[in-house]
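Letter by letter, the chains look like this.
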Amino acid sequence: MAALARSVLVTGSNRGIGLELVRQLAASPRPPQHIFATCRDPGGPRGKALQDLAAQHPIIKLVQLADTVNLPSIRGAVRPVGSHLKDQGLNLPINNAGLSSHAMLHSLDSQEMLSVFATNAIGPLQVAKEFLPLLEKAAKGSGQEGLSCSRAAIINVSTKLGSIGLCLGVRQAPMYPYRASKAAQNMVTRCLAAELQDKGILCTAIHPGWVKTDMGTEKAPLTVEHSVRGILSVLASLSQDTSGAFLEWEGNSLPW
Ligand SMILES: NC(=O)c1ccc[n+]([C@@H]2O[C@H](COP(=O)([O-])OP(=O)(O)OC[C@H]3O[C@@H](n4cnc5c(N)ncnc54)[C@H](OP(=O)(O)O)[C@@H]3O)[C@@H](O)[C@H]2O)c1
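Residues numbered from 1 in each chain as written. Predicted model: local features only at pLDDT ≥ 70, side-chain atom pairs only at ≥ 80, totals over all residues. Heavy atoms only, no water.

Draft legend 1. Layout of the overall build of the protein chain. Check the secondary structure of the protein chain and you find six helices and seven strands. The order of α-helices and β-strands along the protein chain, N terminus first, is β-α-β-α-β-α-β-α-β-α-β-α-β. The C-alpha atoms of the protein chain give a radius of gyration of 17 Å, which matches the 18 Å a tight globule of 256 residues would have. Once the C-alpha set of the protein chain is aligned to its principal axes, its extents read approximately 55 × 40 × 35 Å. Here the protein chain holds 256 residues, and the buried ones make up 52% of them. Pairs at least 24 apart in sequence give 73% of the contacts found in the protein chain among residues at least 6 apart. For the protein chain, the exposed area adds up to about 12,000 Å²; of that, 56% sits on carbon and sulfur atoms. Here the protein chain contributes 24 positive and 18 negative side-chain charges, whose respective centroids are spaced 2 Å apart. (Helix = DSSP H or I, 4+ residues; strand = E, 2+ residues; numbered from the N terminus. Rg over C-alpha atoms; globule rule 2.2 N^0.38 Å. Buried < 20%, exposed > 50% of the residue type's maximum accessible area, 1.4 Å probe, protein only. Contact = heavy atoms within 4.5 Å. Areas by Shrake-Rupley, 256 points an atom, 1.4 Å probe, with all protein chains shown as cover. Lys, Arg positive; Asp, Glu negative; His and termini not counted. Charge placed at Lys NZ, Arg CZ, Asp CG, Glu CD.)

Written as structure tokens, this is what we have:
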């Protein structure tokens, strides 16, 4: 099987789903040539697992992206990625970094709402915008027709909890900041998919399932290994037909 993409970038890759995406990509039989693993402080103690992984796999390049909400910080990551790729573009940025909040109606405060919204909805849009020149270069230089992750794609890690269509079925967890911000991120995905398809760039939202991570907690039924195996196989199957789709980790469609 061909590599998923020549170059992949993962945000929030020091733990949880992001770290496992980097781990499985690097260990795959046909790995990408370049894996850019971004996090807030790749050299610090919170980046230790990632440093250990990069020491085993020279294709992993650690890149600081201190805050996906902060433009100078994103631009500070675009520069080293661009110079490392030289005349190639970036095929596959995965917007994985995200922030949860369990605030309910009675405990809601606007500052928390704004900060979760910034990370989950504005961050992925800004990352897509700043990496767009590198994505366009990848799409043009690929020699491929149609849409795929191996050509050029933006993946937004979303959640079923951001589905407006499913919301009435999950009344026990209002989580206003998290759900509203992921619903907004889903709209960002749809808009990017519509705007970028003529440039040969795919954009899809993926729900990873309820996963045992710091965010998902130990109560979650899915291991991170299992979820990421599913996500990577879904990514390999994406095409024109699934650009602008909202899929779960096993490839089934979710209602927006
Ligand atoms: N786990 C689940 O059950 C589940 C279910 C549905 C969807 N998701 C989605 O999956 C993605 C990954 O979740 P996870 O479970 O792996 O979460 P996690 O274990 O809490 O990890 C979140 C990651 O995002 C980073 N991050 C958060 N805000 C950031 C910001 N503003 N700038 C840069 N990095 C930031 C964190 O960095 P630090 O370590 O520096 O804080 C960390 O690397 C999220 O988008 C989440 O919404 C998860």
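Draft legend 2. Fine view of the nonpolar core. Ranked by internal contacts, the top residues of the largest apolar core, which has 38 residues, are Leu 92, Ile 94, Ile 155 and Leu 235. Counting only elements with at least two residues in this core, the list comes to strand S1 (7-10), helix H1 (16-27), strand S2 (34-39), helix H2 (48-56), strand S4 (92-95), strand S5 (153-157), strand S6 (202-207) and helix H6 (224-237). Setting aside chain neighbours within four positions, we find Leu 235 in contact with Leu 4, Leu 92, Ile 94, Cys 149, Ile 155 and Ile 206. (Core = buried A, V, L, I, M, F, W, Y, C linked by side-chain atoms within 4.5 Å.)

Draft legend 3. Local environment of helix H4 (residues 110-141). Taking 1.5 Å of rise per residue, the 32 residues of H4 would be expected to cover 46 Å, and the 45 Å separating its terminal C-alpha atoms lies within 8% of that figure. Between the side-chain oxygen of the N-cap and the backbone nitrogen of Gln 111 there are 2.9 Å, and the N-cap of H4 in question is Asp 109. A positive phi of about 70° marks Gly 143, the residue just after H4. (Expected span 1.5 Å × (residues − 1). Polar contact = N/O pair within 3.5 Å; in protein donor to acceptor, adjacent residues only side chain to side chain.)

These values are about where atoms sit, not about what they do.
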